[in-house]
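# What the coordinates show
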Amino acid sequence: MKKIAIVLLGIIVSLISLNYTAKAQSYFSVEVKGKGKPMILIHGLYCTGEVWKETVDRYQKNYQCHIITVAGFGGSSPNLNDHFLESVKDDLITYVKNNKLKKPVLIGHSMGGFISLWAAASAPGLFDRVISVDGVPFMPALQMAGATAESSRPMAENMRKGISNATPEQTLQNSRSYLPMMMRDKERVEQIAQSAMKCDVKTQGEVLYEMFTTDLRETVAAIDCPAYIMGAWIGYKDYGTTRESALKGYQDQVKAIKNCTVEISDTAKHFIFYDEPAWFFSTMDSFLK
């Protein structure tokens, strides 16, 4: 009887463990490649972990790459709520703790950068360093001086409504229209446009809404690890943006972070790792050292 009781106890513990792990990752899936120091990579809007392919190829010899695809992206099942990005952020922190990842490097692009900065601020001592690739604490203020979460809400509502009601075909055509502003390579434009068509549009609309109505500029003051922000400005040159105004905009966004480096590319658009991979990897290597 004692042996049976021990076996049953083991089964119960296993089931509890399985349920807890599933719950901890309910807002994203993870693919792990490579060995070494842990590195977590988070994609941007309409994308999947596939955007980090070249980055993983470069670093997987020395880093254990945890490649995240957020729920509702790339054809994955959505798990939407009214505080979606915060839920993703909280799940990320839980994932690191549950898997006992020792001081991982946290890297995010755009939306992923926003989540990365939020996670690093919410869990001091957990991460070794954080890298945000054209992702900032409060996106509206980059283009609209004086913008607040409240003043941005009407525009955010309209964007959420428009995106959430789009058909896959409309999403594809819209992506093909605006993505050339974000990257130079036509093949890459089509790659991301096809990825966008597979995404859950309500999730994409909610993400953009939350990024326009969540201001982390004071929150990031809690980040206690080195932070590195990569920015881009050339894609907005025709709209009056200069290198000087762009650099100041990025610096103002992260001035509350105690140890933060800001650099901007003079040739890349929003998808920096696609437009200028040599510059991207050179600056990454320097910061990681």
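Along each chain, numbering runs from 1 in the same order as the chain's sequence is written. Whole-chain, interface and lining totals are the exception, using all residues; otherwise, since this is a predicted model, local features are given only for residues with pLDDT of at least 70 and side-chain atom pairs are given and counted only at 80 or more. Calculation of side-chain values draws on the structure's entire complement of heavy atoms; hydrogens and water are dropped beforehand.

Glancing now at the overall build of the chain. A run of H or I in DSSP becomes a helix once it reaches four residues, and a run of E becomes a strand once it reaches two; helices and strands are each numbered from the N terminus. From N to C terminus, the chain includes 12 helices and 7 strands. Viewed in the frame of its principal axes, the chain has a C-alpha envelope of about 80 × 45 × 40 Å. Burial statistics for the chain: of 289 residues in total, 48% are counted as buried. Whether two residues are in contact is decided by their heavy atoms, any of which lying within 4.5 Å being enough. Contacts in the chain between residues far apart in sequence, at least 24 positions, make up 80% of those at least 6 positions apart. For the chain, the exposed surface amounts to about 14000 Å²; the carbon and sulfur share of it is 55%. Counted charges follow a simple rule, with Lys and Arg positive, Asp and Glu negative, and His plus the chain ends left uncounted. The atoms used to mark charge sites are NZ of Lys, CZ of Arg, CG of Asp and CD of Glu. When the 32 basic and 30 acidic side-chain charges of the chain are each reduced to a single mean position, those positions are 8 Å apart. Burial status follows relative accessibility: with a 1.4 Å probe on protein chains alone, a residue under 20% of its type maximum counts as buried, one over 50% as exposed, and anything between as partly exposed. Per-residue and other accessible areas were derived by the Shrake-Rupley procedure at a 1.4 Å probe size, with only the shown protein chains allowed to occlude residues.

Before going further, it helps to spend a moment on the pairing of strand S6 (residues 227-232). Burial of S6 is extensive: 6 of the 6 residues sit out of reach of the surface. Neither face of S6 is exposed, since Ala227, Ile229 and Gly231 on one face and Tyr228, Met230 and Ala232 on the opposite face are all buried. In this description, strands pair whenever DSSP reports at least two bridges between them. In this sheet, S6 lies alongside strand S5 (residues 129-133) in parallel orientation, the contact comprising 4 bridges. Bridge assignment links valine 133 to a residue of S6, and that residue is methionine 230. Bridging between S6 and strand S7 (residues 260-265) involves 6 bridges; their strand directions are parallel. Paired with alanine 232 across the bridge in S7 is serine 265. After leaving S6, the chain enters helix H10 (residues 243-253) and then returns to the sheet as S7, a path that is right-handed. Throughout, right-handed denotes a crossover for which the path from the first strand over the helix to the second runs clockwise when the strands point away from the viewer.

Further remarks concern helix H6 (residues 149-164). Helical geometry: 3.6 residues make up each α-helical turn, so side chains three or four residues apart lie on a common side. If you look at H6, its biggest bend is around 35°, right at methionine 155. Restricting attention to buried positions, one finds in H6 the residues Ala149, Ser152, Ala156, Ile163 and Ser164. Looking at the packing, one finds that the buried side of H6 touches helix H5 (140-143) and helix H9 (201-213). A residue's bend is the angle separating two fitted axes: one through the seven residues that end there, the other through the seven that start there.

On to the packing of aromatic side chains. Two aromatic rings from Phe, Tyr or Trp, using only the six-membered ring of Trp, form a pair when their centres are within 6.5 Å; if the ring planes differ by under 30 degrees the pair is stacked, by over 60 it is edge-to-face, and anything between is tilted. What the rule picks out here adds up to 12 aromatic pairs. Geometrically, the ring pair formed by phenylalanine 28 and tyrosine 95 is edge-to-face, given 5.8 Å between the ring centres and 80° between the ring planes. Of this pair, phenylalanine 28 sits in strand S1 (residues 28-33) while tyrosine 95 sits in helix H3 (residues 84-98), placing them 67 residues apart in sequence. Arranged with centres 6.0 Å apart and planes meeting at 80°, the rings of phenylalanine 271 and phenylalanine 273 form a pair that is edge-to-face. Phenylalanine 273 matches phenylalanine 271 in its accessibility class, with the two residues each being buried. Look at NZ for Lys and CZ for Arg. If either is within 6 Å of the ring centre and within 35 degrees of the ring normal, a charge sits over the ring. The ring of phenylalanine 287 has arginine 129 lying over it, and the distance from NZ or CZ to the ring centre is 5.3 Å.

This part is about helix H8 (residues 186-198). Counted at 1.5 Å a residue, the expected span for H8 with its 13 residues is 18 Å, and the 19 Å between its end C-alpha atoms agrees. For H8, every residue scored as buried is listed here: Val189, Ile192, Ala193, Ser195 and Ala196. Mapping the buried residues of H8 onto a view down its axis gives an arc of 160°, with all of them on the same face. Residues of H8 that are exposed and point over 90 degrees away from its buried face: Glu187 and Lys198. Of the surrounding elements, those touching the buried residues of H8 are helix H7 (168-178) and helix H11 (272-275). The term polar contact refers here to a pair of N or O atoms within 3.5 Å; inside protein, the definition further demands a hydrogen-donor-capable atom paired with an acceptor-capable atom, and it admits residues adjacent in sequence only when both atoms are side-chain atoms. Measuring from the side-chain oxygen of the N-cap residue of H8 to the backbone nitrogen of glutamate 187 gives 2.7 Å; that N-cap residue is aspartate 185. Multiply 1.5 Å by the residue count of a helix minus one, and that product is the helix's expected span. Within this analysis, the arc is defined by the directions that extend from the helix axis to the C-beta atoms.

Our focus in this paragraph is the pattern of salt bridges. Note on definitions: salt bridges are taken to be side-chain nitrogens of Lys or Arg within 4 Å of carboxyl oxygens of Asp or Glu. What the rule picks out here adds up to 15 salt bridges. Its salt-bridge partner being aspartate 266, residue arginine 243 comes within 2.6 Å of it at the nearest N-O pair. In this pair, arginine 243 sits in helix H10 while aspartate 266 sits in the loop between S7 and H11, placing the two residues 23 residues apart along the sequence. Look at arginine 243 and you get partly exposed, because its relative accessible area is 31%. With relative accessibility at 38%, the residue aspartate 266 sits in the partly exposed group. Through salt bridges that share partners, Lys37, Asp128 and Arg129 make up one connected network.

Time to look at the environment of arginine 129. Here arginine 129 lies in strand S5. In this structure the C-alpha to C-alpha distance between arginine 129 and aspartate 200, which are 71 residues apart in sequence, comes to 31 Å. Residue contacts for arginine 129: discarding those within four places in its chain leaves Pro104, Val105, Leu106, Cys225, Pro226, Phe287 and Leu288. Of the polar contacts made by the side chain of arginine 129, one reaches the side chain of aspartate 128; its length is 2.8 Å. Of the polar contacts made by the side chain of arginine 129, one reaches the backbone oxygen of phenylalanine 287; its length is 2.5 Å.

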